[in-house]
Amino acid sequence: MTVFGSTRNPARGNNPAWWLLGIALLAGCATTPQQHAKFAPTPPLTEKLAPATEGAIFQAGREISLFQDTKARRVGDMITIVLVERTQASKQASTNSSKDQQVELENPTLLGAPLTFRTPGMLPLNGRDLNLGTSINGTRSFTGEGDSSQSNQLNGQITVTVADVLPNGNLIVRGEKSLTINQGDETIQFAGIVRPADIGPDNTVLSTLVADAKISYTGKGTLADANSMGWLGRFFNSKWWPF
């Protein structure tokens, strides 16, 4: 490839600067935001109109309703989701356990006399008499505490399209919004089921009224990388680190 070098000047291909330039160009192409196929907009269904009838005032399929509102109701229609998500959760756990164990064996006797044996004498110490009596004491204890608290809040708006209409009239909606600000890309993805009765006169619906809602807010770029832990730090905080 001409990015890394040319056959006219072989030394240029060995220059690290050309390799770094080629990698930077490839990285720039890889970071181009692309739309996720799962949240792609659904085009409206194509309706076949009846052929026009000459000499008639009313034409089937070309009528205009004077009393129809602008609420989404068909595949391909747009609806605005008002994001008012707020979650808060906390959990606390404490565990204490202890166990004491004691075993004691007296020295056995033979014909009324205790059994003893003498250890061989070793300089500078002399041997001494021992018996078979013994005792074992063991104590084990465990103390564990855990405390977790999490709070999330998401406010904003996203306009999605109707992907399908269920037999009961509910609407399956999906869509995404991508913003590129300075050196970062922000993406909001939304999918769920909307009940037509919950749609307001301005064709909006609260996200808290959407069933089976799937909301994703992600970012990538310089700011996202700065807020992410490095691979070595993730290893030490993962379950694979034994300590």
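Predicted, not measured: the structure shown is a model, and the values here were computed from it. (Residues numbered from 1 in each chain as written. Predicted model: local features only at pLDDT ≥ 70, side-chain atom pairs only at ≥ 80, totals over all residues. Heavy atoms only, no water.)

(A) Region of the structure containing the sheet that holds strand E9 (residues 204-206). Read from one edge to the other, the open sheet built from six strands follows the order E9-E1-E6-E7-E8-E10, with strand pairing classed as mixed. At either end of the open sheet lies a strand with only one pairing partner, and these are E9 and strand E10 (211-221). Each strand axis lies, on average, 25 degrees off the axis of its neighbour in the sheet, ignoring direction. Sheet topology note: the strand E6 (residues 134-165)/strand E7 (residues 171-181) ladder contains four bridges and is antiparallel. Bridging across to E7, Val162 finds its partner in Val173. (Pairing = 2+ DSSP bridges. Helix = DSSP H or I, 4+ residues; strand = E, 2+ residues; numbered from the N terminus. Axes fitted to C-alpha atoms, helices over the stretch in contact; angles between N-to-C directions.)

(B) Seen up close, the pairing of strand E8 (residues 184-194). Counted residue by residue, E8 has nine buried out of eleven residues, so it is predominantly covered. Bridging between E7 and E8 involves eleven bridges; their strand directions are antiparallel. By the bridge assignment, Ile172 is partnered in E8 with Ile193. Counting the residues in the hairpin turn of E7 and E8 gives two residues, including Asn182, whose phi is positive at 55 degrees. Where E8 lies against E10, nine bridges are found, and the strand directions are antiparallel. Within E10, the position partnered with Glu186 by the bridge is Gly219. (Buried < 20%, exposed > 50% of the residue type's maximum accessible area, 1.4 Å probe, protein only.)

(C) Seen up close, a nonpolar patch on the surface. The grouping of Trp231, Leu232, Phe235, Phe236 and Trp240 at the surface amounts to a nonpolar patch, some 640 Å² of accessible area in total. Among the structural elements, Phe236 can be located in helix H4 (residues 231-236). (Patch = residues over 30% accessible without salt bridge, like charges linked within 9 Å, V, L, I, M, F, W, Y side chains within 5 Å. Areas by Shrake-Rupley, 256 points an atom, 1.4 Å probe, with all protein chains shown as cover. Salt bridge = Lys/Arg side-chain N within 4 Å of Asp/Glu carboxyl O.)

(D) Looking closely at the nonpolar core. Ile79, Ile81, Val173 and Phe190 are the most contacted members of the largest nonpolar core, which totals 16 residues. For this core, the secondary structure elements donating two or more residues are strand E1 (78-105), E6, E7 and E8. The element that contributes the greatest number of residues to this core is E6, accounting for four residues. Each residue touching Ile79, except ones within four places of it in the same chain, is listed here: Ala72, Ile158, Thr159, Val160, Val173, Val194, Ile199, Asn203 and Val205. (Core = buried A, V, L, I, M, F, W, Y, C linked by side-chain atoms within 4.5 Å. Contact = heavy atoms within 4.5 Å.)

Honestly, it's all geometry; don't read function into it.
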